[in-house]
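# Report on the structure
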Amino acid sequence: MILSSIKTGLAQVWKSKRMVLIFFLANLSFALVLMLPFRAAVSNFAGETLMGTKLAGHLPIDFIFELMKNNKSLFSIYGTLFMLVPASYWLLSLFLSGGAFATFARGDGYSSPAFWAGAATYFGRFNRLFLWSLPVFAVLLCLQFLETGFQRLIFGSDPYEYVKYWGGWVKYGLRVISFVLCAMVYDYARIHVVTTGETRMRVSLWHGIRTVFGNLGRTFALAFGLFLCGALVLAIYNPIADSLAAPNAFVVLTLFVLQQAYMLFRMLLRLTLYSSQLFLSNKLAGAPAPLEISTDPQGLEGAAA
Amino acid sequence: MESKTCTPRLLLTLVFLLLPISGRSQEAPVLFQPALSPRIASYNIEVTLESAQKKLHGRELLFWHNQTSATISELQFHLYLNGFRNTRSTYMLGTSNPVRSRRIKEDGWGYIEVDAISVSYDTEMIPSLALSRPSEAATMIADLTDITPEIEFIQPDIESPDDKSVFSVPLPRPLPPGGKVIVAVDFTAKLPEPPYARTGAKAEYVFAGQWFPKIGVHTDGQWNCHQFHSRTNFFADFGVYNVWITVPEDNVVGATGLEVAVTTNDDGTATHYYHAEDVHDFAWTASPEFVEVTGKSQDVDIRVLMQPDHADQSQRQLEAAKLAVRYFQDWYGDYPFPNLTVVDPRRGAAASGGMEYPTLITVGTGYGIPAGMKLPEMVTIHEFGHNYWYHLLASNEFEESWLDEGINTYTDIQIMPDAYPGRGNFLNAMGLVLDIGTYHRAQYMGLPDADPVNRTSWGFYSGQSYTVNSYPKPGLILTTLQNYLGWDKMLEAMRTYVERWRFRHPKARDFFDVLNEVSGENLDWFFQQAFETNSILDYSVTRVFSREVKPPKGFDHTLSTVDSDTALTRTDKENDSSLAAATDETDTTARPDSSSPGQLYESGVNIRRLGDFKFPVEIEVIFENGETVRESWDGQELWKKLRYTKPTRLVSATVDPDGKIPLDVNLTNNSKTLEKQTLGVNKISSRTLFWLQFLLEAPETMHSFMLLNDIF
């Protein structure tokens with residue numbers, strides 16, 4: 001069921017390639033907003049020096065310290081940008097996810113009106129759903145403290161360092177699992193909103209929790225599998241990107257292309273996850289083929305009925 | 001070097017072979033004959049550890065020799081553990097952010113009390129008492145005068161009425177130059193728990209540093225016995241130490257010097273007798289959990305006492321210690337002692353790590369530290385280095401901390417890249433690459449000009465300023481000097497310094513004098529700026545240009561393009577007398593090849609000295625045709641302009657092109673190019689863009705930064 005979900009998910013994403021591009025461009029443009037002041041500072045600081053060329057090789061750490069020391073205003077700019085941009089991006093992603101879920105629920109590939117209508121229709125509900133979900137997230141994130149408790153129980157307050165070390169890794173793993181679970185609950189709840197037109201977010205949240213924990217093996221395997229896939233490709237990407245260090249325009253261009261290819265892959269992965277989860281959710285609910293979702297915002301409320 | 005150390009070590013081996021396996025040694029285990037140091041302050045100490053309370057019950061016999069030309073009427077002692085007595089001690093008042101320690105538990109405060117102190121002038125007894133346990137010797141000493149009521153706590157440096165880290169006690173009668181005195185002290189100490197600033201206890205682990213009443217140094221006609229400040233190391237006279245340490249029988253003990261004998265007692269304890277010669281401090285440690293590893297490097301026996309959870313890193317520590325011994329002996333001269341003990345602090349007791357004592361160092365590691373993270377190796381090399389710069393050369397760390405820490409940082413910067421060649425000789429793990437020099441430079445750049453380097457340790461603007469001026473800045477100053485003098489000359493100077501001043505108390509001036517002498521150059525201009533001022537060193541290429549030389553216009557010019565252009569420049573300069581005094585302008589004019597009537601370019605480079613620190617620099621100018629010109633500038637004036645007329649355009653100009661001046665606070669502004677350099681800017685922007693994209697997309701991965709906190 002998991003493999004067929006991924007297969008179906010991928011097929012759905014393939015039919016909605018433009019949507020991948022929308023997500024990718026959204027990500028790129030927000031990152032550009034964050035990056036441009038940095039680029040301006042670097043260009044101003046080192047653009048007319050030999051360091052400007054040297055930076056194309058391995059990053060000289062000295063330069064980073066000097067940049068920080070001599071560009072203090074940059075950090076005050078980033079103090080604000082790091083608050084605003086990620087928050088705005090998160091909201092935009094949430095907005096776009098409504099369109100994505102709606103598109104996948106329809107099952108007939110990307111259509112601009114349906115996508116944007118879905119995005120607009122569910123944005124408010126997804127925000128409310130997020131607020132409802134916060135206590136659930138808090139509980140799930142407390143999962144990591146199981147390790148702290150067990151460590152204290154078994155090894156006392158003064159454990160050997162190897163206990164702390166491996167315990168730390170367990171805690172890290174639990175945190176990763178918590179994040180995956182939070183995302184899963186939120187995804188299945190959103191799927192419920194889109195597929196049923198539910199307006200009471202506590203109901204959808206409850207549905208999300210039941211779907212995730214009622215079918216934990218399958219739902220977790222699907223989400224964690226795709227998560228691992230992303231991590232694996234990142235692990236392959238990193239040494240390749242590190243090795244692309246030479247004062248050569250082709251190398252720099254190759255690096256840029258590789259980076260954007262990876263980000264495109266991440267977007268593909270994210271949308272595949274949405275689509276696969278929707279398929280799995282339908283399967284688990286015994287629902288038939290993709291639902292007809294109206295592009296009419298008024299009609300969307302009862303689309304699944 | 002070998003022949004010099006061979007005799008005492010052979011002697012030592014023979015002596016120890018003849019010693020009884022247990023029981024009190026009555027034979028003098030002679031390490032060095034003749035003595036290596038003046039042996040002004042020698043101690044026989046018995047100490048018993050009361051494990052549960054972390055208390056030390058001690059009895060001390062001090063044999064003090066007045067080798068000054070002054071008549072001494074009082075003695076002054078350090079009681080360092082009283083720095084941890086309460087929140088009102090000088091130490092605690094100066095500690096706004098105690099980085100070396102954790103918060104002391106309610107019952108974890110440390111202290112030291114002098115229960116009784118008495119003095120005898122019965123110096124005839126000294127030879128027979130030399131190896132006697134104080135409890136037995138007390139009955140043998142005649143004429144003991146109790147001076148306990150005369151004890152007065154003093155604060156010689158700063159007003160701090162609750163501080164009890166120094167006391168003064170008048171002598172019953174003055175001690176003339178050359179005179180000797182025996183001081184018997186009974187004391188009780190409690191070690192802070194967990195360890196605080198280098199000393200203390202944690203559960204079964206004990207590290208006793210600065211744990212006994214310790215006499216100050218009488219120098220320059222007065223006592224030099226400073227309060228225990230939060231930002232200071234120590235200062236003491238050399239002597240011979242015989243120490244009997246009684247701890248639970250199952251404890252493994254490590255200490256300064258050599259273990260002569262171990263006696264088991266009826267009460268489940270054991271007494272470890274240690275002997276050390278020509279040292280100026282004594283520290284010891286005990287724990288039933290130590291895992292012992294031994295090895296040898298050149299002629300030095302190394303004993304590593306590891307914690308069980310770090311046992312897998314024993315070889316790593318041992319190899320670092322071996323390497324340190326080898327490098328220091330090869331580069332800086334003989335380490336005359338037969339052994340070195342390396343102590344790995346217990347978990348939760350890291351504040352006792354990274355510290356030096358004669359022949360004993362404490363290091364710092366952690367379970368799971370990857371091989372590419374060379375911090376444990378660096379700490380071991382650094383702490384062993386102190387056995388030269390703090391131990392052999394016992395400078396006053398209260399007043400000139402850089403003479404120890406700074407020179408030691410300099411030697412770290414030399415040894416680490418040689419011992420661990422390649423990128424990331426300090427850190428090459430988890431995608432992070434950092435060299436030792438860069439690491440120190442980053443610290444230095446944090447606060448390069450808050451104070452001059454040469455200050456009393458409590459006189460710095462802040463803890464950060466003390467750190468910068470005691471460690472990285474002098475390390476970089478000396479690296480800069482080395483690049484100026486050349487490796488061989490600097491090495492010769494360092495060796496001469498060690499050889500000439502070993503077992504004495506050198507001051508900064510003595511170090512400077514050796515460098516002046518060996519280099520054959522008066523470097524005071526450098527020392528004055530580097531150590532006595534807060535001057536910043538920053539040279540910058542501020543402008544480069546290249547423009548076509550156009551035919552001259554107007555009246556009274558010659559027809560020759562090149563000559564007229566040069567003449568114009570000269571006229572400009574002559575006309576501006578105010579600038580002429582502050583400039584040093586060089587015109588390098590190339591006459592074009594008459595056979596090739598190509599275009600000529602006038603190129604220029606402006607270099608400015610942005611800081612007050614004046615230092616000679618080289619300037620490299622590169623032209624489009626590949627021609628490279630090197631110029632020298634003494635760096636005295638505020639700026640220099642270079643002018644060239646050549647049939648080619650200028651590409652770039654770099655001040656200090658070989659990177660010989662790590663003291664320069666801004667290396668990026670050391671060069672200027674004619675064309676905008678976008679390649680590197682695009683590369684770093686591209687990489688930044690990617691990680692921003694990634695973090696926007698997967699913000700939850702930020703939690704990975706918590707991992708280091710979780711596992712270490």
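What counts as what
- Residue numbers restart at each chain and count upward from 1, following the sequence in its written direction.
- Ligands are numbered from 1 and chains lettered from A, in the order in which they are written.
- Given that this is a predicted model, residues contribute local features only at a pLDDT of at least 70 and side-chain atom pairs are listed and counted only at 80 or more, while totals for whole chains, interfaces and linings are drawn from all residues.
- Side-chain metrics rest on all non-hydrogen atoms present in the structure, leaving aside hydrogens and water.
- Helical segments are the DSSP runs of H or I of at least four residues, strand segments are the runs of E of at least two, and each set is numbered from the N terminus.
- Relative accessibility thresholds used throughout: buried, under 20% of the residue-type maximum; exposed, over 50%; partly exposed, between the two (1.4 Å probe, protein chains only).
- The accessible surface values rely on the Shrake-Rupley method and a 1.4 Å probe; as for residues, cover is taken only from the protein chains in view.
- The criterion used for residue contact is that any of the two residues' heavy atoms lie within 4.5 Å.
- Put simply, buried area is the surface a 1.4 Å probe can reach on two separate parts but cannot reach once they are joined, added for both.
- Salt bridges, as used here, are contacts in which a Lys or Arg side-chain nitrogen is within 4 Å of a carboxyl oxygen on Asp or Glu.
- Counted as a polar contact is a pair of N or O atoms within 3.5 Å, where, for protein atoms, one must be capable of donating a hydrogen and the other of accepting one, and residues adjacent in sequence contribute only when both atoms are in side chains.
- Lines fitted to C-alpha atoms define the axes, with helix axes restricted to the stretch in contact, and inter-axis angles between N-to-C directions lie between 0 and 180 degrees.
- Roughly parallel means an angle under 35 degrees; roughly antiparallel, over 145; roughly perpendicular, 65 to 115; everything else is oblique.
- In this classification, Asp, Glu, Lys and Arg are treated as charged, Ala, Val, Leu, Ile, Met, Phe, Trp, Tyr, Cys and Pro as nonpolar, and every other residue, Gly included, as polar.
- Paired strands, as defined in this entry, are two strands with at least two bridges between them according to DSSP.
- For every residue, the pLDDT score states the predictor's confidence, bounded by 0 at the bottom and 100 at the top.
- For this analysis, a nonpolar core means a set of buried residues of the types Ala, Val, Leu, Ile, Met, Phe, Trp, Tyr and Cys, connected via side-chain atoms within 4.5 Å.

Counting its secondary structure elements, chain A contains 12 helices and 0 strands. Reading chain A from its N terminus to its C terminus gives the helix and strand order α-α-α-α-α-α-α-α-α-α-α-α. Dimensions of chain A, computed from the C-alpha atoms along their principal axes, are close to 65 × 60 × 35 Å. Burial status across chain A gives 49% buried among its 305 residues. Of the roughly 14,100 Å² of accessible surface on chain A, a fraction of 71% belongs to carbon and sulfur atoms.

With 60 residues of chain B in contact, the opposing surface of chain A contributes 72 residues. Of the roughly 6,000 Å² buried where chain B meets chain A, counting both sides, 61% is carbon and sulfur surface. Counting across the chain B and chain A interface gives 8 salt bridges. At the junction of chain B and chain A, the tally comes to 32 residue pairs in polar contact (both at pLDDT 80 or more).

Describing two packed helices takes the angle between their axes plus the distance from one axis to the other. All names here are of chain A. Direction vectors running N to C along helix H2 (residues 17-46) and helix H5 (residues 72-106) enclose 175°, while the axes themselves pass 10 Å from each other. The angle between H2 and H5 falls in the class roughly antiparallel. Of the residues that constitute the contact of H2 with H5, the class distribution is 22 nonpolar, 6 polar and no charged.

The next thing to look at is the sheet that holds strand S7 (residues 166-175) of chain B. All names here are of chain B. Strand order in the open sheet formed by 4 strands is S6-S7-S3-S11, with antiparallel pairing between adjacent strands. Either end of the sheet is taken by a strand with one partner, and the two such strands are strand S6 (152-153) and strand S11 (214-215). Sheet topology places S6 next to S7; 2 bridges connect them, and they run antiparallel. By the bridge assignment for S7, Glu152 is matched with Ser168.

Here the focus is the sheet that holds strand S22 (residues 355-357) of chain B. All names here are of chain B. Reading across the sheet, the 5 strands line up as S19-S20-S21-S23-S22 and stay open at both edges, with mixed pairing between neighbours. Edge positions in the sheet fall to strand S19 (291-297) and S22, since each has one partner strand and no second. The average undirected angle you get between the axes of adjacent strands in this sheet is 15°. Where S22 and strand S23 (residues 360-362) come together, 3 bridges link them in antiparallel fashion.

A few words now on the confidence of the model for chain B. Residues and elements named next belong to chain B. The share of residues in chain B with pLDDT of 70 or more is 89%, and the mean pLDDT across the chain is 89. Segment residues 560-584: pLDDT under 50, and 30 contacts once partners within four positions in sequence are set aside and those in other chains are kept. Low confidence marks residues 591-596, where pLDDT is under 50. Its contacts with residues over four positions away, or in another chain, come to 3 contacts.

Attention shifts here to the pattern of salt bridges. Using the criterion set out here, one finds 35 salt bridges over all chains in the structure. Ionic pairing is found between A:Glu48 and B:Lys672, a salt bridge with its closest N-O pair at 3.7 Å. Of this pair, A:Glu48 sits in the loop between H2 and helix H3 (51-54) while B:Lys672 sits in strand S33 (residues 671-673), placing the two residues on different chains. Here A:Glu48 falls in the partly exposed class, since its relative accessible area comes to 35%. Salt-bridge contacts for B:Arg509 lead to B:Asp524; the nearest nitrogen and oxygen are separated by 2.9 Å. Taken together, the residues span a long stretch of sequence, with B:Arg509 in helix H12 (residues 508-519) and B:Asp524 in helix H13 (residues 524-532) at a distance of 15 residues. We classify B:Asp524 as partly exposed; its relative accessible area is 27%. Through salt bridges with shared partners, one network takes in A:Asp158, B:Glu204, B:Arg346 and B:Arg347.

Here we come to the side chain of B:Thr362. Residues and elements named next belong to chain B. Tracing the backbone through its elements, the reader meets Thr362 in strand S23. Thr362 sits in the buried class, given a relative accessible area of 0%. A polar atom in the side chain of Thr362 sits 2.8 Å from the backbone oxygen of Ser352. When neighbours within four sequence positions are excluded, Thr362 is seen to be in contact with Phe207, Val343, Ser352, Gly353, Gly354, Met355, Val379 and Glu383.

Moving on, we come to the nonpolar core. By size, the foremost hydrophobic cluster in this structure holds 175 residues, and its most contacted members are B:Trp64, B:Trp211 and B:Trp284. Here the element with the most residues in this core is helix H5 (residues 314-332) of chain B; it accounts for 10 residues. Core analysis: the second largest hydrophobic core is formed by 85 residues, A:Leu28, A:Leu96, A:Leu181 and A:Leu278 among them.

So, on to the environment of A:Val251. All names here are of chain A. Assignment of secondary structure puts Val251 in helix H11 (residues 249-285). Separated by 195 residues in the primary sequence, Val251 and Ala56 have C-alpha atoms spaced 8.8 Å apart. Contact partners of Val251, with chain neighbours within four places excluded, come to Leu244, Ala245 and Ala246.

We now examine the side chain of B:Ser297. Residue and element names in this part refer to chain B. On the secondary structure map, Ser297 appears in strand S19. Judged by relative accessible area, which is 6%, Ser297 ranks as buried. The contacts of Ser297, once residues within four sequence positions are left out, are Ile302, Lys322, Val325 and Arg326.

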